[in-house]
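Here are the chains, one letter per residue:
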Protein chains: 2
Amino acid sequence: MYGPGDVRVEEVPDPTIDEPTDAVVRVTYASVCGSDLHPYRSMAPSQNGRRMGHEAVGVVEEVGADVTALTVGDTVIVPFSWSDNTCVYCREGFNTSCVHGGFFDGAPSATQAERLRVPQADGTAVVIPEGTDESLMPSLLTLADVYLTGYHAAYTGGVSPGKTVTVIGDGAVGLLTVLAARQVGAERIILMGRHTDRTDLGREFGADDVVPERGEEGIAKVMELTGGDGSHVVVDAVGHLPAYEQAYGVLRPGGTISRVGVPQYEEAPVGMASLFGKNATLTGGPAAQRRYLEAALPQVLAGQIQPGRVFDRRLGLDDIVEAYRLMDSREALKVLIRP
Amino acid sequence: MYGPGDVRVEEVPDPTIDEPTDAVVRVTYASVCGSDLHPYRSMAPSQNGRRMGHEAVGVVEEVGADVTALTVGDTVIVPFSWSDNTCVYCREGFNTSCVHGGFFDGAPSATQAERLRVPQADGTAVVIPEGTDESLMPSLLTLADVYLTGYHAAYTGGVSPGKTVTVIGDGAVGLLTVLAARQVGAERIILMGRHTDRTDLGREFGADDVVPERGEEGIAKVMELTGGDGSHVVVDAVGHLPAYEQAYGVLRPGGTISRVGVPQYEEAPVGMASLFGKNATLTGGPAAQRRYLEAALPQVLAGQIQPGRVFDRRLGLDDIVEAYRLMDSREALKVLIRP
């Protein structure tokens, strides 16, 4: 990506094993993330461009001398950040803060590509059992980011039985937050979104109510639905300031706002009138995928959850310019890329 | 209080029973709170003035027809907010969001006075057992606000065994947060403050380290003390933006900032560079004293904790102008008022 709307498919040298902890993976499934649309809309034009993509399923082609958990030929999930999975922050469940970690998006080797260099391969890549049906791959791909980002929202927000959850945003993360909130036992799930085809899928994932209104009107609607109390947990799956303002607007006293939409702002209200006065908690961040991945994998393999249903288009890598366009225009919810 | 630095002692009519749920309490112990210094320094001048004070111990003089838990002659603790202690938010532990609640500070009847009208008296006032030694009263008074505000900071911050806590601010709330953090089992407590007489008391309350530096220098010092990791929990017991910035500066990835200093700002950094990037949680608010009061009362009565040690001056109500001056100039840590 060279600037707003300027995505180019280019030939670059194949990645190589640079460190003994690296692996090279041939990407078989990738996708475009809602967060890729932020630079697509507003990045500063760049001479050198920026490698894009941070979700992949692929086949291990080569491993460094120190890699012990992966074998050439393994099919693996590669999450959006790499991590050694052994450092103190990884052990505490925050692999996105790994001392040897980093993020594929914008890195020298990213996932919207034929091949990918995976640093800290033992800690990063998770093997999919041999013989897994190809039809499960889209759902397995969501464990690289989007489903587990929804799960992170529900988990850090403290969603649990008896709690009402409001999810702001009907993009893929929002819809999969609904699915995750249902998994962890939310009593009631309110989905705020205005695209009927998307919110319909949200209902299938477990949303009890859909609120298409936004701003003050949307806040009033959620307050009405909750008998004036507001929502115990509110997930911001958007990342823009109006969604954040909506979040504290519908929050119950003592409730929690969990953000997983990457904030496109740095400053926001946090004082007496927004968070402090009602003892609101604000949490969230880049999803700690590794904390949840091993538990989610068998659920997908057993067909208990089908997060891959968010993919409504499938294109080749050569058509990725079209994939961005479809997602930017909201013609597609999420595009599966087959390099 | 009529404006910055303008505190006046005035004769006003005695409070009366206005609602059947009211009680009238003769105030025997009150005090000046660090949060009273915010209007003392910066309130907009007012024609009518503002009644001040929100911490009291006193004797019940009269009760309304619906009051059943209190008897005339009872000595009671009156916390800084009133609440019915039965509504849904009270039951969820957030009595400061009570549907029948309110705050004494600025209310028609406040605690820096001879007599006080206590709304929702059954839910608000807590009886001190008859025969309690008078020497315990200052410590019991801290259960009206300052110690339980420190406790709220430690509790909502998730302080627990194994965790490092950094407390920003060596005022009475900061020092009592140290005491509370020790009660809930913090492994290590770092106190950031530069007034040696105060931080010495902080050490007696349980601080392991004292960092007098502020800003970038203070952040570097805490990072050094924590081996570069930062602190699991950081308590902002100040309420000004530089303290908040210090808080996320010393926070460990996945850590929690708990605020109990009333924020003197509405907007603050919360994005990728401050909170989101390291999965920081921001929590806190007006202390839910009623959640903790019953458990803390026997601890004080048994002499297990002595939070009243924060009172280093004792003045009559007629000298309250001097009490404000002493606290504003930091000559006094906290002044006990004997109306």
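Nothing here was measured: the structure is a model prediction, and the numbers come from that model. Residue indices follow the written sequence of each chain, beginning from 1 at its first position. Chain labels run from A onward and ligand labels from 1 onward, assigned in the order the entries are written. For this predicted model, a pLDDT threshold of at least 70 governs which residues receive local features, and a threshold of 80 or more governs which side-chain atom pairs are given and counted, while totals over whole chains, interfaces and linings are taken from all residues. Excluding hydrogens and water, the side-chain values take into account all heavy atoms of the structure.

### As for the pattern of salt bridges
- For this analysis, a salt bridge means a side-chain nitrogen from Lys or Arg found within 4 Å of a carboxyl oxygen belonging to Asp or Glu. Tallied over the full model, the rule gives 32 salt bridges over all chains.
- Among the salt bridges present, the one from A:D18 reaches A:R117, with a minimum N-O distance of 3.8 Å. With A:D18 in the segment before strand 1 (23-31) and A:R117 in strand 6 (residues 115-118), the pair connects residues that are 99 residues apart, well separated along the chain.
- The partner of B:R8 in a salt bridge is B:D6, with the nearest N and O atoms 2.9 Å apart. Strands here mean DSSP runs of E at least two residues long; helices mean DSSP runs of H or I at least four residues long; both are numbered from the N terminus.

### Section: the environment of A:V32
All names here are of chain A.
- With respect to the helices and strands, the residue V32 is situated in the loop between strand 1 and helix 1 (37-42).
- Residue classification places V32 among the buried residues on the basis of a relative accessible area of 0%.
- The spacing of V32 and A237 is 205 residues in sequence and 16 Å in space, taken between C-alpha atoms.
- Those residues within four positions of V32 in sequence are excluded, and the remaining contacts are E55, Q112, I320, A323, Y324, M327, K334, V335 and I337. For the exposure calls, accessible area comes from a 1.4 Å probe over protein chains only, and a residue counts as buried if that area is under 20% of its type's maximum, exposed if over 50%, partly exposed in between. Throughout, a contact is declared for two residues whenever any of their heavy atoms are within 4.5 Å.

### Remarks on the domain arrangement of chain A
All names here are of chain A.
- You can read the domains of chain A as domain 1 (23-145 + 288-338) and domain 2 (150-284).
- Domain ranges listed in this record stem from an automatic or a database domain assignment. Once you take the C-alpha centre of each, domain 1 and domain 2 turn out to be 26 Å apart.
- Counting residues at the interface gives 15 residues for domain 1, matched by 20 residues for domain 2.
- Taken together, the two surfaces of domain 1 and domain 2 that pack against each other cover about 1500 Å², and 62% of this comes from carbon and sulfur.
- If you look at where domain 1 meets domain 2, you find one salt bridge. Two parts placed together each lose some accessible area under a 1.4 Å probe, and adding up what both lose gives the buried area.

### With respect to the side chain of A:S81
Residues and elements named next belong to chain A.
- Counting through the fold element by element, S81 comes out in strand 4 (residues 81-82).
- In this structure S81 comes out as buried when scored by relative accessible area, which is 1%.
- A polar atom in the side chain of S81 sits 3.1 Å from the side chain of Q289. Any N or O atom pair separated by 3.5 Å or less is treated as a polar contact, with the protein-specific requirement of one donor-capable and one acceptor-capable atom, and with residues adjacent in sequence counted only for side-chain atom pairs.

### Some details on the relation of the copies chain A and chain B
- Expressed as a screw transformation, the operator carrying chain A onto chain B has a rotation angle of 180° and an axial translation of 0.0 Å, and the superposed copies differ by an RMSD of 0.0 Å. Within this description, the copies of the chain are treated as partners about a two-fold rotation axis. Proximity to the rotation axis, assessed at the C-alpha, singles out A:L282 in chain A; its C-alpha lies 2.5 Å from the axis.
- Here 100% of the interface residues in chain A have copies in chain B that are interface residues too; the copies meet face to matching face. Alignment of the copies relies on least squares applied to C-alpha atoms, considering only residues that score at least 70 for pLDDT in both.

### Section: the UniProt feature "domain: Enoyl reductase (ER)" (unreviewed entry) in chain A
- UniProt positions are given in the numbering used here, feature names are shortened, and annotations may be inferred rather than shown by experiment. Following the UniProt record, one finds the feature "domain: Enoyl reductase (ER)" (unreviewed entry) at residues 3-337 of chain A.
- Here residues 3-337 of chain A is 28% helix and 22% strand, with 21 Å between the C-alpha atoms at its ends.

### Topic: unusual backbone geometry
- Phi is positive for A:R330, which is not a glycine, with a value near 65°.
- Relative accessible area serves as the criterion here: at 40%, A:R330 is assigned to the partly exposed category.
- A positive phi angle, close to 55°, is found at B:N279, a residue other than glycine.

### Section: the interface of chain A and chain B
- With 40 residues of chain A in contact, the opposing surface of chain B contributes 40 residues.
- Summing the contributions of chain A and of chain B, the shared interface buries around 3300 Å²; its carbon and sulfur component is 52%.
- Broken down residue by residue, the surface that chain A buries against chain B is led by A:E266, A:F276 and A:N279, which jointly contribute 22%.
- Counting across the chain A and chain B interface gives two salt bridges.

### Some words on the packing of helix 5 (residues 146-156) of chain A against helix 6 (residues 172-183) of chain A
Residues and elements named next belong to chain A.
- In the contact formed by helix 5 and helix 6, the axes pass within 7 Å of each other and the chain directions differ by 55°. Classed by the angle they form, the pair helix 5 and helix 6 counts as oblique. Crossing of helix 5 over helix 6 shows right-handed handedness. Packed against helix 5, whose contacting residues are V146, Y147, T149, G150, Y151, A153 and A154, the element helix 6 presents A172, V173, L176, T177, L179, A180, A181 and Q183 at the interface.
- Put simply, Ala, Val, Leu, Ile, Met, Phe, Trp, Tyr, Cys and Pro go in the nonpolar bin, Asp, Glu, Lys and Arg in the charged bin, and everything else, Gly too, in the polar bin. Considered class by class, the residues forming the contact of helix 5 with helix 6 number eleven nonpolar, four polar and no charged. Geometry is summarised by axes, namely lines fitted to C-alpha atoms with helices restricted to the contacting stretch, and by angles between N-to-C directions that run from 0 to 180 degrees. Note on angle classes: values under 35 degrees are labelled roughly parallel, values over 145 roughly antiparallel, values of 65 to 115 roughly perpendicular, and the remainder oblique. Helix crossings fall into two classes, left-handed where the near helix is turned counterclockwise from the far one by less than a right angle and right-handed where it is turned clockwise.

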